[in-house]
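# Coordinate inspection notes
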Amino acid sequence: MDVTVSTADLLKELTLTEKLASRRPVIPVLTCALLEATGAGLRVSGTDLEVGLRGLVPARVLADGKAAVPARKLFELTRLLPDTDLRIEGGIDSVALTAQTGFRARLQTQAADDYPALPESPPAQAELPGLVLRQLIERVRFASTADDTRYHLAGVLFEADERRVQMVATDGHRLARVSAGYQGASVPACIVPRRAVDALLLMVEAGAAVAFAASDSHLFFCADDHVLISRRPEGQFPKWERIVPKPAAHRLELSREQVAAVLQRAKLATDERTRLVTFGLAKSGLTATASSPEGESTEHVAGLYGGEDLALGLNVEYVLDFLGATDAEKVSFEAYEALQPAVWRQ
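Worth saying up front: this structure is predicted, and the values here are computed from it rather than measured.

Definitions and cut-offs
- Residues numbered from 1 in each chain as written.
- Predicted model: local features only at pLDDT ≥ 70, side-chain atom pairs only at ≥ 80, totals over all residues.
- Heavy atoms only, no water.
- Helix = DSSP H or I, 4+ residues; strand = E, 2+ residues; numbered from the N terminus.
- Buried < 20%, exposed > 50% of the residue type's maximum accessible area, 1.4 Å probe, protein only.
- Contact = heavy atoms within 4.5 Å.
- Areas by Shrake-Rupley, 256 points an atom, 1.4 Å probe, with all protein chains shown as cover.
- Core = buried A, V, L, I, M, F, W, Y, C linked by side-chain atoms within 4.5 Å.
- Phe/Tyr/Trp six-rings, centres within 6.5 Å; stacked < 30°, edge-to-face > 60°.
- Pairing = 2+ DSSP bridges.
- Axes fitted to C-alpha atoms, helices over the stretch in contact; angles between N-to-C directions.

What follows is about the overall build of the protein chain. When its secondary structure is counted, the protein chain shows six helices and 24 strands. Summarising its shape, the C-alpha atoms of the protein chain cover approximately 75 × 45 × 35 Å along the three principal directions. Here the protein chain, with 346 residues, has 47% of them falling under the buried criterion. A sequence separation of at least 24 residues applies to 67% of the contacts in the protein chain between residues at least 6 apart. Carbon and sulfur atoms make up 49% of the accessible area of the protein chain, which totals about 17500 Å².

Residues F158, F221, F279, F333 and W344 are the most contacted members of the largest nonpolar core, which totals 67 residues. If near-sequence neighbours (up to four positions away) are discounted, F221 is found in contact with F158, V192, L200, M203, V210, A211, F212, H226, V227 and L228. If you look at the next biggest cluster of nonpolar residues, it comprises 24 residues, including L42, F75, L81 and V95.

Inspection of every chain in the model, using the stated rule, returns seven aromatic pairs. Aromatic pair F158 and F221: ring centres 6.2 Å apart, planes at 45 degrees, arrangement tilted. In this pair, F158 is assigned in strand β11 (residues 155–160) and F221 in strand β16 (residues 218–223), connecting sequence segments 63 residues apart. We note that F158, like F221, is buried. A centroid spacing of 4.4 Å and a plane angle of 20 degrees characterise the contact between F333 and W344, whose relative ring orientation is stacked. A residue pair is termed long-range when its members are at least 10 positions apart, and F333 in strand β23 (residues 330–334) and W344 in strand β24 (residues 343–345) qualify at eleven residues. Considered together, F333 and W344 belong to a single accessibility category, that of buried residues. Following the ring pairs from residue to residue traces out a cluster consisting of F279, F322, F333 and W344.

Relative to the helices and strands, G313 is located in strand β22 (residues 310–315). Sequence spacing of G313 and A302 is eleven residues, and the spatial spacing of their C-alpha atoms is 19 Å. Ignoring any residue separated from it by four or fewer positions in sequence, one finds G313 in contact with L276, V277 and T278.

Checked against the element boundaries, H250 lands in the loop between β17 (226–231) and β18 (252–255). Taking the C-alpha atoms as reference points, H250 and L304, separated by 54 residues in sequence, lie 9.5 Å from one another. In contact with H250, other than residues within four places in its own chain, are Y305, G306 and G307.

Let us now look at the sheet that holds strand β3 (residues 41–47). The antiparallel open sheet is built from eight strands, whose spatial order is β6-β2-β3-β4-β17-β16-β15-β10. Edge positions in the sheet fall to β6 (65–70) and β10 (126–129), since each has one partner strand and no second. When the angles between neighbouring strand axes are averaged without regard to direction, this sheet yields 20 degrees. Note: β16 against β17, six bridges, orientation antiparallel. From the neighbouring strand, H218 faces β17, where its bridge partner is R231.

This part covers unusual backbone geometry. For D224, which is not glycine, the phi dihedral falls at a positive 55 degrees. Relative to the helices and strands, D224 is located in the loop between β16 and β17. When its relative accessible area of 66% is taken as the criterion, D224 is described as exposed.

Turning to the sheet that holds β22, a few remarks are in order. Read from one edge of the open sheet, four strands run β21-β20-β19-β22, paired in antiparallel fashion. Single-partner strands in this sheet number two, and they are β21 (295–302) and β22. With strand direction ignored, the average angle separating the axes of adjacent strands in the sheet is 20 degrees. Relative to β21, strand β20 (residues 285–292) is paired through eight bridges, and the arrangement is antiparallel. Looking at β21, one finds that G285 is bridged to A302. Seen against the sheet, helix α5 (residues 256–267) touches β19 (276–282), β20 and β21 and runs at an angle of roughly 170 degrees to β21.

In structure tokens:
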């Protein structure tokens, strides 16, 4: 292999790929990024066997070939170089790196033939605007669990019909749902793992179209010169429709920025284990009360509410996560009974 690339282009690609390289690999080669020099350019791939990414970097290719290069080392070296041309040669036991600045280095490689082959994408089944996909992910990602052993909750439910596309996430304690207008082919409900969701956020540019495809075992998201491949997790997503209450007859309308500031202050007075804040709803607005052995606080937020007075306790971090995931000027708070689910809407 003998290829020359821009460090800026390579760094952009390695920023995505390096995050997928395993820190505790099942097989050693998974700590590497696979570099493949072809007539089309330099293809860069990374995978942890659950999620994989394949991208193409513009390059001058003097000799085809491939090399499995330590992803973290190559990323750090490229990040520390100025914007210049970088020549990559070799591939069997090592690669030599030479920059126009006078920089020279050599990295040991692993057997490229041992690198797991990423599946090829079937024909696209639907296409979504990148901006819409990013906004959907940003609105619900916080509610998914980080516990990888709960496969059916460690991700986001994704589905679309001919008019709307939606995502739902839950960790068993809270649930977030968002939808947007859509015109295109239907997408059957599928769970996108959290690591794939995070990679999508990095991969998808706001203006790019994203093609989606699925097989029995994998999901595929294609944008520009990138393909993100994810295994389909086992298990069924909960019947979330049964969890979300119907819209309440009365709701409390609040300024998002104002209520977020109040709850940030209330959080300081909560118990670190529970983060419990009592939300008191009255016709004059919302009162947030918190207490712990270290102190207590009470603060009122003016709002419009036409229902009966009600008080209920919520984990304030859950509410702040929701407020941080939306940019709406106004939010609404709906509560039913003290032991029933409460609903925040944008």
